[in-house]
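A structural walkthrough
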Amino acid sequence: MTEENKLKLIVGNWKMYKTIDEAHDFIQELLPLVKGSHSKVFLAVPYTLIHPVSKELVDTEILVGAQNMNDANEGAFTGEIAGKMLVDAGAKFVIIGHSERRSLFQESDEWINKKIKRALKDGLIPILCIGETLNERQEEATSAVLKKQLEQGLAGITEEEMKKVMIAYEPVWAIGSNSAATATIAEKTIEICRQSIEQMYGSNVSNHTKILYGGSVQPENAKLFLREPNIDGLLVGGASLTAEKFSKIINYQQESVL
Ligand code: PGA
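Residues numbered from 1 in each chain as written. Predicted model: local features only at pLDDT ≥ 70, side-chain atom pairs only at ≥ 80, totals over all residues. Heavy atoms only, no water.

A count of helical and extended segments in the protein chain gives 13 helices and 8 strands. For 258 residues, the compact-globule formula gives about 18 Å, and the C-alpha radius of gyration of the protein chain, at 17 Å, lands near that figure. A burial count over the protein chain gives 50% of its 258 residues as buried. When the accessible surface of the protein chain is split by element, carbon and sulfur atoms take 51% of a total near 12,500 Å². Averaging the positions of the 28 positive and the 35 negative side-chain charges in the protein chain gives two centres separated by 2 Å. (Helix = DSSP H or I, 4+ residues; strand = E, 2+ residues; numbered from the N terminus. Rg over C-alpha atoms; globule rule 2.2 N^0.38 Å. Buried < 20%, exposed > 50% of the residue type's maximum accessible area, 1.4 Å probe, protein only. Areas by Shrake-Rupley, 256 points an atom, 1.4 Å probe, with all protein chains shown as cover. Lys, Arg positive; Asp, Glu negative; His and termini not counted. Charge placed at Lys NZ, Arg CZ, Asp CG, Glu CD.)

Written out as structure tokens, the structure reads:
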């Protein structure tokens, strides 16, 4: 694996927050704080911010992306957005199947699969989100749920395409809850995800698939996750909204661990 590939990836997910001016202020505050950091950084912003933010970040290593897209190339789908429009605006990646999309907007594994295929066609890096609910964990169904989400979400994706796909393991019970998974649980569960990917694609692919942890990541716990061997990065919601907190996560190596 190259040095570049070993860098941890920190993805901010702004959800439905920030105006153009607020995004500009955030970036001006963030850039000096993360200068010389040894993490890769992605920022998933609302649609209206993709163009201005990607322009503002053009001379940096930070990539801008979207939080969702439609699976169609174009068409009469009022209120939806196509992958090629995201690319046109400056997006390089797209989050697909976030648990909020699954639960609040009824996205099925089948639809998520179509979106991933379209994203790949359009040249976007898809980040497929998977995760179990608290009930499913308590019923010891976690492995089966994740396996199903991976198998159905990735159905028909070739080995070559899979090299461009990233996975975010986000236990539903840990998202926005202030109660993150422990690093041990996150590591063990991500290892299980990697095994499922190995069963589907072989170890050549599974060893190189980037798998992120998400759910109540904060400056205080980021380092605990990132020192686990199977955790390649973090998907950060709430703590990505302030430059101070987000920069501390990006600079996790400098943070002390309690
Ligand atoms: P959180 O959100 O960090 O606020 O828990 C994570 C996510 O939803 O991607």
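Let us now look at the packing of aromatic side chains. Between two aromatic rings, the relevant description is the distance of the centres plus the angle of the planes. Within this structure, the stated rule accounts for 5 aromatic pairs. Ring plane angle 20 degrees and centroid distance 4.3 Å describe the contact between Tyr213 and Phe225, whose orientation is recorded as stacked. Note that Tyr213 is positioned in strand S7 (residues 211–214) and Phe225 in helix H12 (residues 222–226), a separation of 12 residues in sequence. Given the relative accessible area of 0%, Tyr213 is considered buried. (Phe/Tyr/Trp six-rings, centres within 6.5 Å; stacked < 30°, edge-to-face > 60°.)

Taken together, 13 residues sit near the ligand, with Lys15, His98, Glu170, Gly176 and Ser216 positioned nearest. Glu170 is positioned with one of its side-chain polar atoms (N or O) 2.8 Å from an oxygen atom of the ligand. The backbone of Ser216 places a nitrogen or oxygen atom 2.7 Å from an oxygen atom of the ligand. In isolation the ligand offers 280 Å² of accessible surface; the protein chains occlude 95% of this area. (Near = heavy atom within 4 Å. Polar contact = N/O pair within 3.5 Å; in protein donor to acceptor, adjacent residues only side chain to side chain.)

One can describe the packing of helix H8 (residues 142–153) onto helix H10 (residues 183–201) by two numbers: an axis separation of 10 Å at closest approach and a directional angle of 45 degrees. Regarding the angle of H8 to H10, the classification is oblique. Of the two elements, H8 crosses H10, and the hand of that crossing is right-handed. When H8 is examined against H10, the residues Thr142, Ser143, Leu146, Lys147, Leu150 and Glu151 are found in contact with a partner set consisting of Thr189, Ile192, Cys193, Ser196, Ile197, Gln199 and Met200. Split by residue class, the contact of H8 with H10 holds 6 nonpolar, 5 polar and 2 charged. (Axes fitted to C-alpha atoms, helices over the stretch in contact; angles between N-to-C directions. Parallel < 35°, antiparallel > 145°, perpendicular 65-115°, else oblique. Left-handed = near helix turned anticlockwise from the far one by under 90°. Contact = heavy atoms within 4.5 Å. Nonpolar A, V, L, I, M, F, W, Y, C, P; charged D, E, K, R; others polar.)

Right, let's talk about the side chain of Asn230 for a bit. Relative to the elements of secondary structure, Asn230 occurs in the loop between H12 and strand S8 (233–236). On the accessibility criterion, Asn230 (13% relative accessible area) is buried. In terms of polar contacts, Asn230 uses its side chain to reach the side chain of Arg194, at 2.7 Å. Ignoring anything within four residues of it in the chain, the contact list for Asn230 reads Glu187, Ile190, Glu191, Arg194 and Ile211.

What follows is about the pairing of S7. Judged by which residues are buried, S7 turns out to be covered on both faces: Ile211 and Tyr213 on one side and Leu212 and Gly214 on the other are all buried. Sheet topology places S7 next to S8; 3 bridges connect them, and they run parallel. Within S8, the residue paired with Tyr213 across the bridge is Leu234. (Pairing = 2+ DSSP bridges.)

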